[in-house]
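Listed here are the chains, written in short residue letters.
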Amino acid sequence: MFSLQGDRVLVVGGTSGIGLGAAQAMKAAGAAVTVASRSAEKVAAAAASAGVEGVVLDAGNDGAVEAFFASRAPWNHVVVSVTAAHKGRIREMAMDDAMASMNQKFWSAFRIARSGKFAPDGSLIFVSGQVGKRPRIDAILQGAINAGLEGLARGLALDLSPLRVNVVSPGPVDTPQLATLSAAQREALESAIERLPVRRIGAPADIGEAIVFLACNRFMTGATLRVDGGSTVA
Ligand SMILES: NC(=O)c1ccc[n+]([C@@H]2O[C@H](COP(=O)([O-])OP(=O)(O)OC[C@H]3O[C@@H](n4cnc5c(N)ncnc54)[C@H](OP(=O)(O)O)[C@@H]3O)[C@@H](O)[C@H]2O)c1
């Protein structure tokens with residue numbers, strides 16, 4: 001039912017966390033997978049561990065993204081799972097950091113949609129996040145970026161049709177991002193997980209399975225699939 005046999009899949013931000021989980025799930029479904037990110041070490045480690053192709057690519061750079069897609073055959077599916085580095089309350093965030101976060105997560109998705117080469121029956125999948133639907137005061141820009149990605153995907157489903165464009169919105173997932181949390185943020189996360197209807201943190205594989213579904217289901221486009229352990233109803 002969920003076969004990607006013969007498909008070429010690119011996962012930008014595929015060298016860690018949710019992106020790596022997506023790459024592993026896509027490979028298990030039969031796809032030939034390429035993972036891409038900025039760090040050559042992360043690319044080499046992820047490519048070796050997942051048994052996929054690895055490419056160094058900074059999705060925050062217009063010219064690099066354009067040159068990458070121009071040099072490659074069209075992709076059946078492209079997943080964008082790039083982090084935004086800076087989180088925090090609005091008065092604590094420098095404008096340069098805010099702009100960098102927007103460039104890293106929102107504009108990366110936009111420029112990949114703009115320059116990407118896709119098979120006509122292919123799909124483009126963004127990763128947003130629960131704070132796009134349910135804001136948290138220490139992640140308000142992240143929430144706006146996520147909500148923006150979900151709106152962008154709805155518009156792209158029209159503009160790039162018949163390419164399908166969808167979003168997966170995860171709840172808390174156990175990835176290397178957790179190591180960047182302060183003690184207070186970690187405590188808040190633990191209490192949020194206790195309140196989750198599913199009573200556990202998500203795994204990258206939970207999100208990877210949903211991404212395979214979005215790639216395979218030919219009637220899904222312009223949609224946001226919430227795979228959040230019930231975060232938005234808790
Ligand atoms: N973990 C969660 O609880 C959670 C919840 C909801 C939503 N999300 C979202 O899920 C996405 C993935 O998060 P994660 O937790 O999996 O983070 P992660 O483990 O830190 O992975 C982030 C990936 O993005 C890559 N990356 C960052 N900037 C890049 C750039 N400019 N160009 C190319 N690649 C870039 C990183 O590799 P390099 O450093 O090598 O570039 C890495 O492969 C993010 O958008 C995050 O907001 C996460």
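To be clear, the structure that these remarks concern was listed above.
Since the model is a prediction, treat every value here as computed from it, not as a measurement.

## Quick word on the pattern of salt bridges
Next up, step 1: For the structure shown, the criterion picks out 8 salt bridges.
Next up, step 2: A salt bridge links D62 to R111; its shortest N-O distance comes to 2.5 Å. Pair noted here: D62 is in helix 3 (residues 62-70) and R111 is in helix 4 (residues 95-115), with a separation of 49 residues, a long-range link.
Next up, step 3: In this structure D62 comes out as partly exposed when scored by relative accessible area, which is 45%.
Next up, step 4: Residues E190 and R186 are paired through a salt bridge, measuring 3.3 Å at the closest nitrogen-oxygen approach. Of the two residues, E190 and R186 both sit in helix 6 (residues 183-195), 4 residues apart, roughly one turn of that helix.
Next up, step 5: Residue classification places E190 among the partly exposed residues on the basis of a relative accessible area of 41%.

## Section: the environment of V131
Next up, step 1: Its place among the elements puts V131 in the loop between strand 5 (118-127) and helix 5 (140-159).
Next up, step 2: V131 sits 100 residues away from S231 along the chain, and the two C-alpha atoms are 9.3 Å apart.
Next up, step 3: Every residue in contact with V131, bar those within four places of it in the chain, is listed here: R136, A139, Q142, G143 and N146.

## With respect to unusual backbone geometry
Next up, step 1: In this model, S161 is joined to P162 through a cis peptide bond whose omega is 10°.
Next up, step 2: Among the structural elements, P162 can be located in the loop between helix 5 and strand 6 (164-170).
Next up, step 3: Residue R199 is not a glycine yet carries a positive backbone phi of 60°.

## As for the site of the ligand
Next up, step 1: The ligand sits among 29 residues. The nearest are S16, S37, R38, K42 and T175.
Next up, step 2: Here I18 contributes a backbone N or O atom positioned 2.8 Å from an oxygen atom of the ligand.
Next up, step 3: The contact in question runs from an oxygen atom of the ligand to an N or O atom on the side chain of K105, over 2.8 Å.
Next up, step 4: Split by residue class, the shell around the ligand holds 9 nonpolar, 16 polar and 4 charged.

## Focus on the pairing of strand 2 (residues 32-37)
Next up, step 1: By the criterion of burial, strand 2 is predominantly enclosed, with 5 of the 6 residues buried.
Next up, step 2: Chirality of the crossover, the property in question, places the unit of strand 1 (residues 8-12), helix 1 (residues 17-28) and strand 2 among those that are right-handed.
Next up, step 3: As paired elements, strand 2 and strand 3 (residues 53-56) share 4 bridges and run parallel to each other. Paired with A36 across the strands is V55, a residue of strand 3.
Next up, step 4: Taken together, strand 2, helix 2 (residues 40-50) and strand 3 constitute a β-α-β crossover, and its handedness is right-handed.

About the criteria used
- Residues numbered from 1 in each chain as written.
- Predicted model: local features only at pLDDT ≥ 70, side-chain atom pairs only at ≥ 80, totals over all residues.
- Heavy atoms only, no water.
- Salt bridge = Lys/Arg side-chain N within 4 Å of Asp/Glu carboxyl O.
- Helix = DSSP H or I, 4+ residues; strand = E, 2+ residues; numbered from the N terminus.
- Buried < 20%, exposed > 50% of the residue type's maximum accessible area, 1.4 Å probe, protein only.
- Contact = heavy atoms within 4.5 Å.
- Near = heavy atom within 4 Å.
- Polar contact = N/O pair within 3.5 Å; in protein donor to acceptor, adjacent residues only side chain to side chain.
- Nonpolar A, V, L, I, M, F, W, Y, C, P; charged D, E, K, R; others polar.
- Right-handed = clockwise from strand over helix to strand, strands pointing away.
- Pairing = 2+ DSSP bridges.

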